[in-house]
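Each chain is listed here by its residues.
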Amino acid sequence: MAAIDGLPPLREVIATHGLAAKKSLGQNFLLDLNLTAKIARQAGDLTACDVLEIGPGPGGLTRGLLAEGARRVLAIEKDSRCLPPLEEVAAAYPGRLEVINGDALLVDPLSHLTPPIRVAANLPYNVGTELLVRWLTPPEWPPFWQSLTLMFQREVAERIVATPGSKAYGRLALLASWRAEARIVLSLPPEAFTPPPKVSSAVVHLTALPEPRYPADPKVLERVVAMAFNQRRKMLRAALKGLGPDIGDRLIAAGIKPTDRAETVSLEQFCALARAVAG
Ligand code: SAM
């Protein structure tokens, strides 16, 4: 049976184009168009937006984004085998889908997009994490994107939305809450994907804040946070001793007890520490 957009069902698309999933590209496809439409709806009102989609694969989420009314979608896909099915999607939505065959870690999409821009992706989690960190730490703020709607392994999603004192709290949670509002909007079992991955997944929706929540130099903050969490069981005066002999005084100046551990320190305190270290 044809789907709502007149295109064939995704199982048929995969069979027709011989798209056997490649492990090396982290290919776990979403074939249920009701589910991809549901994910697209989590991205917010798309009608006035360009959407940057990374890793469209056979086009399930792409079709969801277009059916939900995205003004335009720019899709970056590394696997050239996915281009013919994506061309069929482009033909069903004339003038609204552009596909770039390339590595999202290397392609600069900005000249292809008109603001306002939202980002949506179901990506291999390592690529997703790397892009998320880049998108959260650009040279200029506010960033090019209004929101990010991204699929991650459930455990990574929990690290992004974690609060102080929890085991999942660390660099990702601090960066995300410094610059965005982040929440888990959907959880998916392995069986939602073809082939099913080993673990559950979750969709995280991040909305960019107009300004970072507290002032800090991004490079200094990233360094301090990375050092603090590299040795998360140690007291901060020990974990951060590489920052200089007076680190104890700087911790106190930032309102942090030198005997505290990283996982109990709030974003506000880390930003104060980054300012104390930089100053
Ligand atoms: N979005 C599709 C879906 O939901 O069914 C495919 C999801 S699959 C998890 C990940 C997709 O990202 C694959 O199509 C894969 O080829 C693509 N991909 C992997 N690494 C990539 C990269 N560095 N740049 C662009 N696409 C990539």
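Just so you know, these numbers come straight off a predicted model, no measurement behind them.

> Looking at this structure, how should I read the site of the ligand?
The immediate surroundings of the ligand are formed by 24 residues, with F29, G55, G57, A104 and N122 found nearest. Those elements that provide at least two residues to the shell around the ligand are strand 1 (29-30), helix 3 (60-67) and strand 3 (72-77).

> It is not clear to me how the pairing of strand 5 (residues 117-122) should be interpreted in this structure. Could you clarify?
When a strand is regular, its side chains alternate between the sheet's two faces. Burial of strand 5 is extensive: 5 of the 6 residues sit out of reach of the surface. Direction of pairing for strand 2 (residues 50-54) relative to strand 5: parallel, over a ladder of 5 bridges. When the bridges of strand 5 are listed, D50 appears paired with I117. Sheet analysis places strand 5 next to strand 6 (residues 147-153), joined by 5 bridges and oriented parallel. What sits directly across from R118, in strand 6, is S147.

> Looking at this structure, how should I read the domain arrangement of the chain?
Buried accessible area, meaning the area lost when the parts come together, often serves as the stated size of an interface. Its domain assignment divides the chain into domain 1 (2-208) and domain 2 (218-278). If you average the C-alpha positions of domain 1 and of domain 2, the two centres end up 34 Å apart. Counting residues at the interface gives 9 residues for domain 1, matched by 11 residues for domain 2. Its residues assigned to classes, the side of domain 1 that touches domain 2 shows 4 nonpolar, 4 polar and 1 charged.

> Quick question: what am I supposed to make of the UniProt feature "domain: Ribosomal RNA adenine methylase transferase N-terminal" (unreviewed entry) in the chain here?
Taken from the UniProt record, the annotation "domain: Ribosomal RNA adenine methylase transferase N-terminal" (unreviewed entry) applies to residues 35-210. In residues 35-210, the share of helix is 31% and the share of strand is 27%. The end C-alpha atoms are 31 Å apart.

> Looking at this structure, how should I read the environment of R232?
As for its position among the elements, R232 is in the loop between helix 8 (218-230) and helix 9 (236-239). As for R232 and K167, which are separated by 65 residues in sequence, their C-alpha atoms are 9.9 Å apart.

> Teacher, can you tell me more about the pairing of strand 6 here?
Within strand 6, 6 of the 7 residues are buried, which leaves the element mostly enclosed by the surrounding structure. With helix 5 (residues 125-136) bridging strand 5 and its parallel neighbour strand 6, the resulting β-α-β unit is right-handed. Here strand 6 runs beside strand 9 (residues 201-208); their pairing, made up of 7 bridges, is antiparallel. The residue bridging S147 from the neighbouring strand is T207, located in strand 9.

> In this structure, what is going on with the environment of D103? I would like to understand it.
As for its placement among the helices and strands, D103 is situated in the loop between strand 4 (97-101) and strand 5. Overall, D103 belongs to the exposed group, with 12 C-beta atoms counted inside 10 Å.

> What am I meant to see in the nonpolar core here?
Among the nonpolar cores identified, the biggest contains 78 residues, and V204, F270 and L273 are the most heavily contacted of them. In terms of residue count, the dominant contributor to this core is helix 11 (residues 267-278) (8 residues). Beyond its immediate stretch of four places on either side in the chain, V204 contacts L150, F152, A157, I160, V161, A182 and I184.

> What is the right way to read the sheet that holds strand 4 from this model?
A sheet is described by the order of its strands in space; here 7 strands give the open sequence 4-3-2-5-6-9-7, paired in mixed fashion. Since the sheet does not close on itself, it has two edges, and those belong to strand 4 and strand 7 (180-188), each with one partner. Across this sheet, the average inter-strand angle for adjacent strands is 20°, counted without regard to direction. Both strand 2 and strand 3 contribute to a ladder of 5 bridges, which runs parallel. Within strand 3, the residue paired with E53 across the bridge is A75. Contacting strand 5, strand 6, strand 7 and strand 9, helix 2 (residues 33-42) crosses the sheet at an angle of about 165° to strand 7.

> Looking at this structure, I do not really get the packing of helix 8 against helix 11. What am I missing?
Describing two packed helices takes the angle between their axes plus the distance from one axis to the other. Where helix 8 meets helix 11, the axes come as close as 9 Å, and the angle between the chain directions of the two elements is 110°. When the interaxial angle is binned, helix 8 and helix 11 end up roughly perpendicular. Considering the relative orientation of helix 8 and helix 11, their crossing is right-handed. Contact residues: helix 8 offers V220, L221, V224 and V225, while helix 11 offers F270, C271, L273, A274, V277 and A278. Its residues placed into classes, the contact of helix 8 with helix 11 shows 10 nonpolar, no polar and no charged.

> Mind showing me how you'd approach the UniProt feature "binding site: S-adenosyl-L-methionine" (unreviewed entry) in the chain here?
According to UniProt, the positions carrying the feature "binding site: S-adenosyl-L-methionine" (unreviewed entry) are N28, L30, G55, E77, D103 and N122. Considering the arrangement of structural elements, one finds N28 in the loop between helix 1 (10-16) and strand 1. Overall, N28 belongs to the partly exposed group, with 19 C-beta atoms counted inside 10 Å. Once residues within four sequence positions are removed from consideration, N28 is found in contact with A21, F193, P195 and P197. Mapped onto the fold, E77 is located in strand 3. What E77 contacts, discounting residues up to four positions off in sequence, is G55, P56, G57, C82, L86, V99 and N101.

Definitions and cut-offs
- Going along each chain's sequence as written, the residues are numbered from 1 onward.
- Local features in this predicted model are restricted to residues whose pLDDT is 70 or higher, and side-chain atom pairs enter the listing and the counts only when it is 80 or higher, whereas totals over whole chains, interfaces and linings include all residues.
- Residue proximity rests on one test: whether the C-beta atom, placed from the backbone, lies within 6 Å of the molecule or strand.
- Helix and strand labels come from DSSP, where a helix needs a run of H or I of at least four residues and a strand needs a run of E of at least two; each type is numbered from the N terminus.
- Counting other C-beta atoms within 10 Å of a residue's C-beta gives its exposure: the residue is buried at 20 or more, exposed at 12 or fewer, and partly exposed in between, where C-beta atoms are placed from the backbone.
- Should DSSP find at least two bridges between two strands, the strands are regarded as paired.
- Each domain's extent was defined by an automatic or database domain assignment.
- Contact between residues is assigned whenever the C-beta positions, reconstructed from backbone atoms, fall within 7 Å.
- Each residue gets one of three labels, nonpolar for Ala, Val, Leu, Ile, Met, Phe, Trp, Tyr, Cys and Pro, charged for Asp, Glu, Lys and Arg, and polar for the others, Gly among them.
- UniProt positions are given in the numbering used here, feature names are shortened, and annotations may be inferred rather than shown by experiment.
- A crossover gets the label right-handed when its path from the first strand over the helix to the second runs clockwise, viewed with the strands pointing away from the viewer.
- A set of buried residues drawn from Ala, Val, Leu, Ile, Met, Phe, Trp, Tyr and Cys, joined through C-beta atoms within 7 Å, is what defines a nonpolar core.
- Convention adopted: a line fitted to C-alpha atoms gives each axis, helices being fitted over their contacting stretch, and angles between N-to-C directions are expressed from 0 to 180 degrees.
- Reported orientations rely on four angle classes, namely roughly parallel under 35 degrees, roughly antiparallel over 145, roughly perpendicular from 65 to 115, and oblique for the rest.
- Definitions for this section: a left-handed crossing has its near helix turned counterclockwise from the far helix by less than a right angle. A right-handed crossing has that turn clockwise.

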